[in-house]
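Here are the chains, one letter per residue:
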Amino acid sequence: MNPRLLPLAATVMIFVIAYAVCYIQFPAMLSTRVAGNLLTDNAFLGIAAVGMTFVIISGGIDLSVGSVIAFTGVFIAVVLRDTSLHPLAVFAILLVLTTLFGAAMGMIIHVLRMPPFIVTLAGMFLARGLAYILSVDSVPISHPFYDWLQTLYWLLPGKGRLTLIGGLMLLVFAFGILLAHRTRFGANVIALGGGVQTARLMGVPVARTIVAIYALSGFLAGLSGIVFSLYTSAGYSLAAVGVELDAIAAVVIGGTLLTGGSGFVAGTLIGVLIMGLIQTYIIFDGTLSSWWTKIVIGALLLVFIVLQKGLLGLADRRRSLRASGGA
Amino acid sequence: MTVVSSQSQPLLAAVGLSKTFPGTRALDGVDFELRAGEVHALLGENGAGKSTLIKCLTGAYRRDGGDILLDGASIDPRDTQEAQRLGIGTVYQEVNLLPNLTVAENLLLGRQPRSFGLVSRRETNRTAREMLSRYGLAIDVARALDSYSVAIQQIVAIARAVSLSGKVLILDEPTASLDRDEVRMLFDVVSSLRAQGLGIVFISHFLDQVFDISDRITVLRNGKLVGVREAATLDRTQLINMMLGRELSEETRDRGRGGFDYAQAPRIAFAGTGRAGVIAPFDLSIHRGEVVGMAGLLGSGRTETAELMFAAAPRDGGTVTKDGTPLKLASPRDAIAAGFGFSPEDRKTSGIIGDMSVRENIVLALQARQGWMRPVRLSRQREMADDYIRRLGIRTPDAEKPIGQLSGGNQQKALLARWLATNPEFLILDEPTRGIDVGAHAEIIRMIEELCASGMSLLVISSELDELVTYSHRVVVVRDRVHVAELIGEEITTDSIVAAIAKPSPVQEAGT
Amino acid sequence: MNGTLARFARRIAPQLITLAVVVAMIGIVFPGFFDISIANGRLYGSPVDILNRGAPVALLAIGMTLVIATGGIDLSVGAVMAICGAIAATLIVEGYSLPATLALSLGAGLLCGLWNGILVAVLGIQPIVATLILMVAGRGIAQLVTEGMIRTFSHDGFASLGSGNLLWLPTPVVIWICAGILATLIVRRTALGMLIEAVGINRRASMLAGVNARLLLVTVYMVSGLCAAMAGIIVTADIRGADANNAGLFLELDAILAVVVGGTSLLGGHFSLIASLIGAMIIQAINTGILVAGFPPEFNLVIKACIVLAILVLQSPALQGAAILFSRAKGQP
């Protein structure tokens, strides 16, 4: 098997085993109802994680997504409260804003040649700060259109519900998979992760691609914020703290190399589901405390990072043996 | 198929090409011409100007003077992409493709066939397979590039370069990490491209291969053209003479070193030191006050020998003794503690700490050996730095200037000072005079002689044979990763060294 | 000696000027800013407040500076603060003596640093990736220690570390200033600072010159863990309780910011602890300034983001490259 697929295979295996363990203990967990909730509860995380996958495959990182989600919620809530704009119009304005925000970060990263880490850190402060300025308090969202959106679902066999936002997440993943693996843009993103210098020599439009990657991440963070506002019916500037970390963790657990160059959008979905599964298990168990989630995720991160390191090391050793054995 | 055009109009020609970098003249009025349908080898030791010439031809550098003609028309490519569009493609030793993409994506990046706006993987793979089948390669193009051997990666790189450019193909050390069968495979590809009328520039330091594949050979030295020869009429000794240069050494330059007293016990003795696939096990001993020179072409295993001796690279077994007592050498720290010093070949990545001052660079090894708890006092550091700057003639406004801003020769002197500050008993210098100006060159040679007179033991690796002849008591010759000859005293002449390097290799073992 | 002093002054001048400008602006908007009074045996006033509230970030910045100087980064310090604070609060509640409590919590910080150091130096994992693990898992571990509750305690001796006075100053101020002076003395009076810089600039060349890069890397991550432990203890002592969720939240980012504002490059190399400490105070002065000047605190983050951006632009390699191009007309190899 291609060694690059190994992390993905490991992720799928862990997910299957984990679900099996859950099922043996709580047979109720294998129901469309639980599965539907798993999708609904993690929709916003999943959508943000798709953007993060692109950023990480390209060798970058985006710390701003949590703040952008919070900003989105507050923006929508405040605009709906203070104006008579239709929510769809607000969504459109907002998505343009967050996309431009991401594009601007990408521009700074490329033009000023600054590490993405520190640029998106500034973006994180800025987005959270703008959310504060709009409103410090939680602003409830009540709009007939919102109420209608929240009632939409598709009844699964077994009384499970695939809600609008759960379905949207699956759509975004499908879109992400196509974009990453079936377009020239996707190939260029992976190429950047393999080495910016080489990618440039091979004709990849570096500037355009970097800006587009962060714009995409900004757009998806905005979309994730809309989903989050549908999920919570409120906008709160302190919401979604640390979502960027969860998204990064989901991406890495999903088999994407944190150093860039290789990754799978589909793996990220499994990563998100594994994280959701841990939480669901803890809820079902009832005696375990929620902090175990973080510890287990940390442990999974460690396992995957060491696994990736080992694989890379193996590949390097093979190459250097070849190189030195010749001539 | 392109028919070989008239001999009078070369496919690609450089006329009086010049390129200057701060401190060095990398290319000095070099002429070069490539005909369609020939393989033209470009040879020279490191610093000869090969890579600068290539970079000027491929647009990586802009030339300072001279002209480049492609099909008789003057060109001035701004970057490698433009050169590629004009028809000049390049393949480098470290394959310049993306190891994380599939073979097909590497071949077709940016021009993948699409249907309905989506990249069609089937079409991409089919096109890629077709491209490679022309090179006799039938591999799974949907796998990541780095799951294949370097040889296959090279051929993929060639296929990409040819499909994008199609007139001139420059191969820069393509065989450095290939075994014999892989070289064969690559040469088959090169031969078929030659038959198709491409002009191919071939750079390699493996002379067997050069003679094997090339039609003509151009040799550069110190940024100047030495000559162009038909490969069929040139023999190895002549070629090595052209490459290594020996204007100064018409007669053996014996400086009374022949009478070294080998009766005394050696100071440092390596026995059975080696590393599988890197350098065959060797025995080497060095005496008090002795300079051992090490000669060999680039890639022969000279640098690897030095790294093994300094414990900068792992070695398989073998023993090291100093004055008869065994040493445990597991890291450079151990080697330094035992009184070793090592000035590596690649100053920039392995020698200098670019952002740090000359003073700090000079005291670094001494400080590291003393440990952080016992700092060298600042006043003492200044004294030492000023002392060495004066003694070695390091040209710098003051000791606080970042070493990265000095010229190569002055950096080399500062690195020498770093080791002298530790008062070593055994000093290894890997190409101490490469890429530095004439004045500094002479000073460093003088330093080597002084150090040896003061009782230090030295191992000096150099491509400059007349230099080795000048100061060595003994010369070890390395060829194809084996120490093949040891010349002592009167035996050391440039001719004898060239002969030892040139001796055609016995049947090469296939790489493992 | 004068040359060294002059160079040092030049090195920290931008930070000092920035701090002076920030303080002056606060003074203009809020004239009462500089009023300092003495009551109950300690100084009161906004400047003292800045020094006091900036203590955790200042402490973190010390360790972070050293880590960044080696070309690394430590994302886990916020989580380590939470762990050590949780341990300290739990131990003191369980009746351990103050010295034992402090020793054990500082030891926990060292252990966290050792973990990071081993991942980075021995396993060779990228620092940002390696420390991410503890950043994620750390808060969970802290909650494990506190069993999910906010552990409150009533031990006056311990609490005084956060809210007591020493030499007319709040104790945290004395602690961070002492830690800063001690760390500066250690790195500059020994060869540690120079060796760290050498490793940060060129690890391979340093190793070939005999520098024990691996040990050095583990050491700086342990120092960072220790500093995080001190910060965690101060925060815990100050609120008389351990809050595993919020203790040190986002402080790793402030600490990194302080180092960047202090002029140490994220790529590693030359560093200045003093400049980083001034950087920490600049950040705190902005926070406090916005508060006392009557701006709503919600502007805090936006202003901070703008300052970061401005500093980024000034420090960016692209701009510096342009400057070099201007000064040196001829190209380079």
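Analysis parameters
Residues numbered from 1 in each chain as written. Chains lettered and ligands numbered in written order. Predicted model: local features only at pLDDT ≥ 70, side-chain atom pairs only at ≥ 80, totals over all residues. Heavy atoms only, no water. Helix = DSSP H or I, 4+ residues; strand = E, 2+ residues; numbered from the N terminus. Rg over C-alpha atoms; globule rule 2.2 N^0.38 Å. Buried < 20%, exposed > 50% of the residue type's maximum accessible area, 1.4 Å probe, protein only. Contact = heavy atoms within 4.5 Å. Patch = residues over 30% accessible without salt bridge, like charges linked within 9 Å, V, L, I, M, F, W, Y side chains within 5 Å. Areas by Shrake-Rupley, 256 points an atom, 1.4 Å probe, with all protein chains shown as cover. Salt bridge = Lys/Arg side-chain N within 4 Å of Asp/Glu carboxyl O. Core = buried A, V, L, I, M, F, W, Y, C linked by side-chain atoms within 4.5 Å. Axes fitted to C-alpha atoms, helices over the stretch in contact; angles between N-to-C directions. Parallel < 35°, antiparallel > 145°, perpendicular 65-115°, else oblique. Nonpolar A, V, L, I, M, F, W, Y, C, P; charged D, E, K, R; others polar. 1 Å grid on protein atoms, 1.4 Å probe; cavity = no way out; pocket = protein on both sides within 12 Å on 5 of 7 lines; lining within 4 Å. Points joined across faces, edges and corners; volume = space filled by probe spheres on them. Pairing = 2+ DSSP bridges. Buried area = accessible area lost by both parts, 1.4 Å probe. Polar contact = N/O pair within 3.5 Å; in protein donor to acceptor, adjacent residues only side chain to side chain. Domains from an automatic or database assignment. Phe/Tyr/Trp six-rings, centres within 6.5 Å; stacked < 30°, edge-to-face > 60°. Lys NZ or Arg CZ within 6 Å of the ring centre and 35° of its normal. Expected span 1.5 Å × (residues − 1).

A closer look at the overall build of chain B
Summing up its helical and strand segments, chain B has 17 helices and 22 strands in all. Computed over the C-alpha atoms, the radius of gyration of chain B is 25 Å, within 12% of the 24 Å expected from 2.2 N^0.38 for a compact globule of 512 residues. When the 512 residues of chain B are sorted by exposure, 58% land in the buried category. Excluding contacts between residues fewer than 6 apart, the proportion of contacts in chain B whose partners are at least 24 apart in sequence is 67%.

Remarks on helix α1 (residues 50-57) of chain B
Here α1(B) lies mainly inside the structure; six of its eight residues are buried. Restricting attention to buried positions, one finds in α1(B) the residues Lys50(B), Thr52(B), Leu53(B), Ile54(B), Cys56(B) and Leu57(B).

Some words on a nonpolar patch on the surface
A cluster of nonpolar side chains, contributed by Val306(A), Leu111(C), Leu114(C), Ile118(C), Val122(C) and Leu123(C), occupies part of the molecular surface with about 470 Å² of accessible area. Considering each element in turn, the nonpolar patch owes the most residues, four residues, to helix α5 (residues 98-122) of chain C. Within the secondary structure, Leu123(C) is located in the loop between α5 and α6 (127-146). Judged by its relative accessible area of 41%, Leu123(C) is partly exposed.

Brief notes about the nonpolar core
Ranked by internal contacts, the top residues of the largest apolar core, which has 356 residues, are Ile158(B), Leu169(B), Ile497(B) and Ile256(C). Leave out the neighbours within four places in its chain, and Ile256(C) touches Phe117(A), Ile118(A), Met64(C), Ile68(C), Ile73(C), Leu75(C) and Leu266(C). Within the second largest apolar cluster, 28 residues are counted, among which are Leu17(B), Ala26(B), Val30(B) and Ala83(B).

As for the packing of helix α3 (residues 43-57) of chain A against helix α8 (residues 164-182) of chain A
Residues and elements named next belong to chain A. Contact geometry of α3 with α8 gives a least axis separation of 8 Å together with a crossing angle of 10°. By the angle between their axes, α3 is roughly parallel relative to α8. Every residue of α8 that contacts α3 at Ala43, Gly46, Ile47, Val50 and Phe54 is listed here: Ile165, Gly166, Leu168, Met169, Val172, Phe173, Gly176, Leu179 and Ala180. Per-class residue counts for the contact of α3 with α8 are eleven nonpolar, three polar and no charged.

Topic: empty space enclosed by the protein
All names here are of chain C. As enumerated under the stated definition, the model contains two cavities of 30 Å³ or more in all. Lining of the second largest cavity is provided by Leu257, Val261, Ile283, Ile286, Lys304, Ile307 and Val308. When contributions to the lining of the second largest cavity are tallied by element, the ones reaching two or more residues are α12 (251-261), α13 (273-292) and α14 (299-315). Across the lining of the second largest cavity, the residue classes tally to six nonpolar, no polar and one charged.

Describing the sheet that holds strand β15 (residues 291-295) of chain B
Residues and elements named next belong to chain B. Strand order in this open sheet of six strands is β18-β19-β20-β15-β21-β22, and the pairing throughout is mixed. Across the chains shown, the open sheet's two edge strands, defined by having one partner strand only, are β18 (340-343) and β22 (482-488). For this sheet, the mean angle separating the axes of adjacent strands, direction not counted, is 15°. Here helix α14 (residues 408-420) sits on the sheet in contact with β18 and β19 (426-430), set at roughly 170° to β18.

Comments concerning the layout of surface pockets
If you roll a probe as big as a water molecule over the atoms, it shows you where there is empty space left. Roughly 1,200 Å³ of internal volume is contained in the second largest pocket. In terms of lining residues, the second largest pocket is bounded by 39 residues, among which Leu249(C), Leu251(C), Asp254(C), Gln284(C) and Asn287(C) are the most central. At the level of secondary structure, the elements contributing two or more residues to the lining of the second largest pocket comprise α6 (116-134) of chain A together with α2 (46-53), α3 (55-69), α7 (156-163), α11 (213-239), α12, α13 and α14 of chain C. Here the residues of the lining of the second largest pocket are counted per class, giving 21 nonpolar, ten polar and eight charged.

Examining the interface of chain C and chain A
Residue-level contacts link 44 residues of chain C with 37 residues of chain A. Counting each side, the surface lost to burial between chain C and chain A is near 3,600 Å², with a carbon and sulfur contribution of 87%. One can count zero residue pairs in polar contact (both at pLDDT 80 or more) joining chain C with chain A. Broken down by secondary-structure element, the contributors of at least two residues to the side of chain C that touches chain A are α5, α6, α12, α14 and α15 (317-327) of chain C.

Points about the pattern of salt bridges
Between side chains of opposite charge, a pair can form when the charged atoms approach closely. Residue and element names in this part refer to chain B. Applying the stated criterion across every chain yields a total of 33 salt bridges over all chains. Across the pair glutamate 425 and arginine 267 runs a salt bridge whose closest N-O atoms are separated by 3.9 Å. Within this pair, whereas glutamate 425 is found in the loop between α14 and β19, its partner arginine 267 is found in the loop between α8 (236-244) and β13 (268-275), the two being separated by 158 residues in sequence. For glutamate 425, a relative accessible area of 27% gives the class partly exposed. When its relative accessible area of 6% is taken as the criterion, arginine 267 is described as buried.

Some remarks on the domain arrangement of chain B
Residue and element names in this part refer to chain B. Partitioning chain B into domains gives domain 1 (12-98 + 166-244), domain 2 (252-339 + 424-512) and domain 3 (351-422). Of the residues lining the interface, 16 residues belong to domain 2; the matching set on domain 3 comes to 13 residues. The contact between domain 2 and domain 3 buries some 1,300 Å² in all, and 70% of this surface belongs to carbon and sulfur atoms. Of all residues in domain 2, the largest losses of buried area upon contact with domain 3 belong to Ile336, Pro424 and Met447, amounting jointly to 34% of the total for that side. The interface formed by domain 2 and domain 3 contains zero salt bridges.

Some thoughts on the pairing of strand β21 (residues 474-479) of chain B
All names here are of chain B. The buried fraction of β21 amounts to six of the six residues, a majority that puts the element mostly inside the structure. Side chains of β21 alternate between two faces, with Arg474, Val476 and Val478 and Val475, Val477 and Arg479 buried alike. With four bridges joining them, β15 and β21 adopt parallel strand pairing. The partner of glycine 293 across the bridge, within β21, is valine 475. Taken together, the six bridges between β21 and β22 define a ladder with antiparallel strand orientation. Of the residues in β22, the one forming a bridge with valine 478 is histidine 483. Counting the residues in the hairpin turn of β21 and β22 gives two residues, including aspartate 480, whose phi is positive at 45°.

Quick word on the packing of aromatic side chains
As enumerated under the stated definition, the model contains 15 aromatic pairs over all chains in all. For the pair Phe310(B) and Phe342(B), a centre-to-centre distance of 5.2 Å together with 50° between the ring planes defines the contact as tilted. Residue Phe310(B) is found in the loop between α9 (302-309) and β16 (319-322), and its partner Phe342(B) is found in strand β18; the two are separated by 32 residues along the sequence. Its relative accessible area of 2% is what places Phe342(B) among the buried residues. Members of the aromatic cluster, each reached through a chain of ring pairs, are Phe26(A), Tyr281(A) and Phe284(A). For Arg161(A), the ring lying beneath its charged end belongs to Tyr153(A), and the centroid distance is 4.2 Å. One Lys or Arg, Arg188(C), reaches over the ring of Phe271(C) and ends 4.4 Å from the middle of that ring.

Remarks on α13(C)
For α13(C), which comprises 20 residues, the first-to-last C-alpha distance of 28 Å matches the rise-based estimate of 28 Å (1.5 Å per residue) to within 8%. Counting buried residues in α13(C) gives 17 out of 20 residues, a clear majority hidden from the surface.

A look at the environment of Leu307(A)
All names here are of chain A. Within the fold, leucine 307 resides in helix α14 (residues 291-325). Taking the C-alpha atoms as reference, leucine 307 lies 7.5 Å from proline 7; in sequence the two are 300 residues apart. If near-sequence neighbours (up to four positions away) are discounted, leucine 307 is found in contact with Pro7 and Ala10.

What to know about the side chain of Thr70(C)
Residue and element names in this part refer to chain C. Among the structural elements, threonine 70 can be located in the loop between α3 and α4 (77-93). On the basis of relative accessibility, which here comes to 10%, the residue threonine 70 falls in the buried class. Apart from residues no more than four positions distant in its own chain, threonine 70 is found in contact with Ile196, Gly200, Leu217 and Val220.

Here we look at the sheet that holds strand β11 (residues 216-221) of chain B
All names here are of chain B. The sheet built from six strands is open, its strands ordered β6-β9-β10-β3-β11-β12 with mixed pairing. Among the strands making up the open sheet, the edge pair consists of β6 (88-91) and β12 (224-230). The sheet shows a mean angle of 20° between the axes of neighbouring strands, taken without regard to direction. Where strand β3 (residues 39-43) meets strand β10 (residues 199-203), four bridges bridge the pair, whose relative direction is parallel. Across the sheet, residue valine 39 finds its bridge partner in β10, namely isoleucine 200.

Remarks on the environment of Met207(C)
Tracing the sequence through the fold places Met207(C) in helix α10 (residues 203-208). Among all residues touching Met207(C), those that are not within four sequence positions of it are Pro332(B) and Ala213(C).

Notes on unusual backbone geometry
All names here are of chain B. Even without being a glycine, aspartate 480 presents a positive backbone phi close to 45°. Here aspartate 480 is to be found in the loop between β21 and β22. Classification of aspartate 480 by relative accessible area gives partly exposed; the value is 29%.

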